[in-house]
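Report on the structure
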Amino acid sequence: MEKRKFSLVGWYRRFFLSERTATVAAFLALAVMPIILFLGLNSIFMDLASIYNLIIRSLLVVTLLYSIRKHRLLLMQAATVGLLFCMLCSQAQYALTDLAEVDSELYITMGLQGFIFLAIEQMILFVESLVCFDHFVVHVARRRGATRLFINRAAILFLLALLVVQLIVTPTLNFDQTYLQCVWAVHFDELIIFVLLMCAELITLIDSLELMGE
């Protein structure tokens, strides 16, 4: 028997179209949220708005997983939109308010890792904004060109890579350990949620292509 050749595209589709991937991602995301709450309250990292965002995010993760397992496409799109906005609002709060209150020189004096952390936080905000905008153009305005569909998926994959870098860089910063643990947990939760969102995006993409007869 001939050995099946490894295909990166095939692996990508199997991984993100797997119901098991979506289920594991959703349960991991939900499991990390109480840890974020505990660490955030102990490091004065969270205010009432952040707690509210976390509660809404948990409900949307449950809704999105349910819609994926039941293949409820309209509910899936609605939950995806809600989660994207939750993630964007949370990142905007952190990148534009929380980090802005800290002198940027403090990060720069930490060396390369401090500069990378600061720069990537802004890049994450930009890419999340792009993903939100492109999601609305593709799914709401119904402009489903091949280029836009590719940009949407590529942006999420790039965002996942940025979050992985932050998970590596965050522990090297010279801040209070509880604060760093909270930031690390937040980024890990974001990474897992965007894996879940990628599962939903790929399912809705295939459904869209089927509707267009491609």
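An account of the accompanying structure is given in this report. Everything numeric in this text was worked out from a predicted model, so none of it was measured.

With respect to the element layout, S43 can be found in the loop between α2 (19–42) and α3 (48–70). For S43, the residues in contact, after removing those within four places along its chain, are T178, Y179 and C182.

Our next topic: the pattern of salt bridges. Within the structure shown, the criterion is met by 2 salt bridges. Close ionic contact of E19 with R69 constitutes a salt bridge, the shortest N to O distance being 3.6 Å. Of this pair, E19 sits in helix α2 while R69 sits in helix α3, placing them 50 residues apart in sequence. Look at R69 and you get partly exposed, because its relative accessible area is 44%. Of the charged contacts, one joins D189 and R57 as a salt bridge, the two residues approaching to 3.5 Å between their closest N and O atoms.

So, about the nonpolar core. Formed by 67 residues in total, the largest nonpolar core has its most connected members in L64, I68 and F194. Sorting the residues of this core by element identifies α1 (8–17), α2, α3, α4 (73–98), α6 (112–140), α7 (146–169) and α8 (177–211) as the ones contributing at least two each. Take this core: its biggest share by element is 19 residues, from α8. Setting aside chain neighbours within four positions, we find I68 in contact with A22, M76, L196, C199, A200 and I203.

Moving on, we get to the side chain of Q91. Counting through the fold element by element, Q91 comes out in helix α4. Every residue in contact with Q91, bar those within four places of it in the chain, is listed here: L96, E121, I124, L125, E128, H187 and E190.

Our focus in this paragraph is the environment of I116. Inspection of the secondary structure assignment puts I116 in helix α6. For I116, a relative accessible area of 27% translates into the label partly exposed. Along the chain, I116 and T170 lie 54 residues apart, while their C-alpha atoms are 9.7 Å from each other.

Looking now at the packing of aromatic side chains. Summed over the entire model, instances satisfying the criterion amount to 3 aromatic pairs. For the pair F15 and F16, a centre-to-centre distance of 5.0 Å together with 90 degrees between the ring planes defines the contact as edge-to-face. Between F175 and Y179 the ring centres are 5.8 Å apart and the planes differ by 70 degrees, which places this aromatic pair in the edge-to-face class. Classification of Y179 as buried rests on a relative accessible area of 19%.

On the surface, F126, L130, F150 and I151 cluster together to form a nonpolar patch covering roughly 390 Å² of accessible area. Along the chain, I151 falls in helix α7. Residue classification places I151 among the partly exposed residues on the basis of a relative accessible area of 34%.

The next point concerns the packing of α3 against α4. The axes of two packed helices give the description: the angle between them and the distance between them. Viewed as axis vectors pointing N to C, α3 and α4 meet at an angle of 150 degrees, and their least axial separation amounts to 9 Å. Here α3 lies roughly antiparallel to α4, going by the angle between them. Of the two elements, α3 crosses α4, and the hand of that crossing is left-handed. The segment α3 lies against α4, with N53, I56, R57, L60, V61, T63, L64, Y66, S67 and I68 engaging L75, M76, A79, T80, G82, L83, C86, M87, C89 and S90.

The rules behind these values
Residues numbered from 1 in each chain as written. Predicted model: local features only at pLDDT ≥ 70, side-chain atom pairs only at ≥ 80, totals over all residues. Heavy atoms only, no water. Helix = DSSP H or I, 4+ residues; strand = E, 2+ residues; numbered from the N terminus. Contact = heavy atoms within 4.5 Å. Salt bridge = Lys/Arg side-chain N within 4 Å of Asp/Glu carboxyl O. Buried < 20%, exposed > 50% of the residue type's maximum accessible area, 1.4 Å probe, protein only. Core = buried A, V, L, I, M, F, W, Y, C linked by side-chain atoms within 4.5 Å. Phe/Tyr/Trp six-rings, centres within 6.5 Å; stacked < 30°, edge-to-face > 60°. Patch = residues over 30% accessible without salt bridge, like charges linked within 9 Å, V, L, I, M, F, W, Y side chains within 5 Å. Areas by Shrake-Rupley, 256 points an atom, 1.4 Å probe, with all protein chains shown as cover. Axes fitted to C-alpha atoms, helices over the stretch in contact; angles between N-to-C directions. Parallel < 35°, antiparallel > 145°, perpendicular 65-115°, else oblique. Left-handed = near helix turned anticlockwise from the far one by under 90°.

Honestly, that's just the spatial picture; any functional story needs more than this.
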